[in-house]
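Below are the chains, spelled out letter by letter.
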Amino acid sequence: MIYADNAATTKLSRSAIDAMLPYMEELYGNPSSLYSFGQRAKEVLEDARARIAACLNAEPREIFFTSGGSESDNQAILSMARFGEKRGKKHIVSTAFEHHAVLHTLEKLKKEGFEITLLDVHANGVVTPEQVRNAIREDTCLVTVMFANNEIGTIQPIAEIGAVCREKGVPFHTDAVQAAGHLPIDVKAQKIDLLSLSAHKFHGPKGIGVLFARKGIVLEPIVCGGAQERGKRAGTENVPSIVGMTVALEEACASMDENAKNLTVLRDRLIDGLDNIPYAELNGDRIKRLPGNVNFCFEGIEGESLLLLLDDKGICASSGSACTSGSLDPSHVLLAIGRVHDVAHGSLRLTLGEETTEEEVDEMIGAVKEVVTYLRNMSPFWRDLTEGKRKHIFEE
Ligand SMILES: *Cc1c(COP(=O)(O)O)cnc(C)c1O
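Residues numbered from 1 in each chain as written. Predicted model: local features only at pLDDT ≥ 70, side-chain atom pairs only at ≥ 80, totals over all residues. Heavy atoms only, no water.

## Re helix 9 (residues 303-312)
Item 1. Of all the positions in helix 9, only Gly303, Leu306, Leu307 and Leu310 are classed as buried. In an axial view of helix 9, the angular spread of the buried residues amounts to 95°, which keeps them on one side of the axis. Seen from the buried face of helix 9, the exposed residues on the opposite side, beyond 90 degrees, are Leu308 and Asp312.
Item 2. In this structure, the buried residues of helix 9 make contact with strand 10 (293-298), strand 11 (315-316), strand 12 (347-351) and helix 12 (358-378).
Item 3. Note on helix 9: the residue one or two positions beyond its end, Gly314, has a positive phi of about 80°. (Buried < 20%, exposed > 50% of the residue type's maximum accessible area, 1.4 Å probe, protein only. Helix = DSSP H or I, 4+ residues; strand = E, 2+ residues; numbered from the N terminus. Arc of directions from axis to C-beta. Contact = heavy atoms within 4.5 Å.)

Structure below.
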């Protein structure tokens, strides 16, 4: 099997598993318990908090453990909305290609009377700090722009957007789920007020994540109950997962440069290989993109059929986002970069990881070429194109 869906989730690292096991087998105490067996768990929790903070150049008290990226996004946005609302500020700036954890939270707020400005991300999938500056108003209570896009891998100018928000005095949240462990993050230098990350995107366990909230930011709990996480997130802490996430993040950050270098070579080899297929185009900026992300549109192809045939060849790929599979709507990200419906349906995302080899990349190029040709030969839509009854959208 070739696993090329690392943007959907990653394999748990061996060292994360090894670090987690003692907290499941022996040291299973509750960090809130007063006896020393519980207090040992509490110490481990605070050690993890400090180590995660160090990876982001944050303070330990600015780190809150959550169940993952979706929860962190929800809490960051809802907290700033409630804070703004009390001061008569009900305008939020975001982009059209955010993850659904952000977009659906914004839709909910819109129904409550908030005004949402979704910035255009241009054909290359990148927003500019000027767009953010122009969108900010007197009543803006939050700017939320993702660090790197999960479908097309494009990287946003986060430090520059952070600087604009800080200058304007507007809180800035970034969904850094695709960036954490893959791109350098420094919440101080990049002037980030709130940041979401999720462990399972950098070889940590599923169901655990972090919400960073800068000192002075007022968080609103969305899970209510006990006083864990300084009253901002109730529920007994998932100590084994928190330990696994910490080890995975440290590991990813320590090998970030080397991984990025290797992945970029493989990514570019894959992009060049797929670019040879006629009527195919890369989605998103070629340079400002995550080291492991490849995303193409093929004319005259149905993405779902492509995925199923690749699965038959043992290749795990995606048509964009795991969340949109099963729906007939084309990806909102591809529509946001201006792809028309017909080609947006024919998308393929291959996201490489540290274990991907050059041989696998070559095998993927061969398999995609074969499957695309096969599907096109069967397609009446494609026959219309070749017979000139329809116009091509891409160049050959
Ligand atoms: C995966 C992902 C999420 C959701 O994270 P979970 O931990 O699975 O809830 C949010 N945003 C982005 C950009 C993602 O890639």
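After presenting the structure, the write-up continues.
## Notes on the side chain of Glu229
Item 1. Mapped onto the elements, Glu229 comes out in the loop between strand 8 (209-213) and helix 7 (239-254).
Item 2. In terms of polar contacts, Glu229 uses its side chain to reach the backbone amide nitrogen of Phe65, at 2.7 Å.
Item 3. Not counting chain neighbours up to four residues away, the residues in contact with Glu229 comprise Arg49, Ile63, Phe64, Phe65 and Glu237. (Polar contact = N/O pair within 3.5 Å; in protein donor to acceptor, adjacent residues only side chain to side chain.)

## Here we look at the site of the ligand
Item 1. Looking at the ligand, there are 13 residues lining it, with Ser70, Asp175, Gln178, Ser198 and Lys201 nearest.
Item 2. Measuring from an oxygen atom of the ligand, one finds a side-chain N or O atom of Gln178 at 2.7 Å.
Item 3. In the environment of the ligand, an oxygen atom lies 2.6 Å from a nitrogen or oxygen atom belonging to the side chain of Ser198.
Item 4. Isolated, the ligand exposes 380 Å² of accessible area, and the fraction of that covered by the protein chains is 86%.
Item 5. Top contributing element to the shell around the ligand by residue count: helix 3 (residues 69-85), with three residues.
Item 6. Its residues assigned to classes, the shell around the ligand comprises two nonpolar, eight polar and three charged. (Near = heavy atom within 4 Å. Areas by Shrake-Rupley, 256 points an atom, 1.4 Å probe, with all protein chains shown as cover. Nonpolar A, V, L, I, M, F, W, Y, C, P; charged D, E, K, R; others polar.)

## Concerning the packing of aromatic side chains
Item 1. Under the defined criterion, the tally for this structure stands at three aromatic pairs.
Item 2. Ring centres 5.9 Å apart and planes at 15° place the aromatic pair Phe296 and Phe298 in the stacked group.
Item 3. With relative accessibility at 0%, the residue Phe296 sits in the buried group.
Item 4. One Lys or Arg, Arg87, reaches over the ring of Phe83 and ends 3.6 Å from the middle of that ring.
Item 5. Over the aromatic face of Phe114 sits the side chain of Lys90, whose NZ or CZ is 5.1 Å from the ring centroid. (Phe/Tyr/Trp six-rings, centres within 6.5 Å; stacked < 30°, edge-to-face > 60°. Lys NZ or Arg CZ within 6 Å of the ring centre and 35° of its normal.)

## So, the pattern of salt bridges
Side chains that carry opposite charge are capable of pairing whenever their charged atoms lie near each other.
Item 1. One pass over the full model with this rule turns up 25 salt bridges.
Item 2. A salt bridge links Glu59 to Lys188; the shortest N-O distance between them is 2.9 Å. Here Glu59 is found in the loop between helix 2 (36-56) and strand 2 (63-66), whereas its partner Lys188 is found in the loop between strand 6 (172-175) and strand 7 (194-198), with 129 residues between them in sequence.
Item 3. Accessibility expressed as a relative area gives 41% for Lys188, which makes it partly exposed.
Item 4. Here Asp268 makes a salt bridge to Arg267, at a shortest N to O gap of 3.0 Å.
Item 5. Take Asp268: its relative accessible area is 22%, and that puts it in the partly exposed class.
Item 6. Through salt bridges with shared partners, a single ionic network connects Lys42, Glu46, Arg49 and Glu229. (Salt bridge = Lys/Arg side-chain N within 4 Å of Asp/Glu carboxyl O.)

## Overview of the sheet that holds strand 3 (residues 91-95)
Item 1. With mixed pairing, the seven strands of this open sheet are ordered in space as 2-8-7-6-5-3-4. Looking along the sheet, the strands with just one partner apiece sit at the ends: strand 2 and strand 4 (115-119). The average angle at which neighbouring strand axes cross in this sheet is 20°, direction not considered.
Item 2. Helix 3 rests against strand 2, strand 3, strand 5 (140-144), strand 6, strand 7 and strand 8 of the sheet, and its axis sits at about 165° to strand 7. (Pairing = 2+ DSSP bridges. Axes fitted to C-alpha atoms, helices over the stretch in contact; angles between N-to-C directions.)

## Things to note about helix 3
Item 1. Taking 1.5 Å per residue, 17 residues should reach 24 Å; helix 3 reaches 24 Å between its end C-alpha atoms and fits that length.
Item 2. Within helix 3, 12 of the 17 residues are buried, which leaves the element mostly enclosed by the surrounding structure.
Item 3. The set of residues buried in helix 3 consists of Gly69, Glu71, Ser72, Asp73, Gln75, Ala76, Ile77, Leu78, Ser79, Met80, Ala81 and Gly84. (Expected span 1.5 Å × (residues − 1).)

## Structural notes on unusual backbone geometry
Glycine aside, negative phi is the norm for most residues, and most peptide bonds take the trans geometry.
Item 1. Phi at Asn57 takes a positive value of approximately 55°, unusual for a residue other than glycine.
Item 2. By secondary structure assignment, the location of Asn57 is in the loop between helix 2 and strand 2.
Item 3. Asn57 sits in the partly exposed class, given a relative accessible area of 32%.
Item 4. For His122, which is not glycine, the phi dihedral falls at a positive 60°.
Item 5. Tracing the chain through its elements places His122 in the loop between strand 4 and helix 5 (129-135).
Item 6. What makes His122 partly exposed here is its relative accessible area of 33%.

## So, the sheet that holds strand 9 (residues 280-282)
Item 1. Pairing in this open sheet of three strands is antiparallel, and the strands run 9-10-12 from one edge to the other. The open sheet has two free edges, formed respectively by strand 9 and strand 12, since each of these has just one partner strand. The mean angle between the axes of side-by-side strands here comes to 25°, regardless of whether they run parallel or antiparallel.
Item 2. When strand 10 meets strand 12, the two strands line up antiparallel, connected through five bridges. Within the sheet, the bridge partner assigned to Phe296 lies in strand 12 and is Leu348.
Item 3. Across the face of the sheet, helix 9 comes into contact with strand 10 and strand 12 while running at roughly 45° to strand 12.

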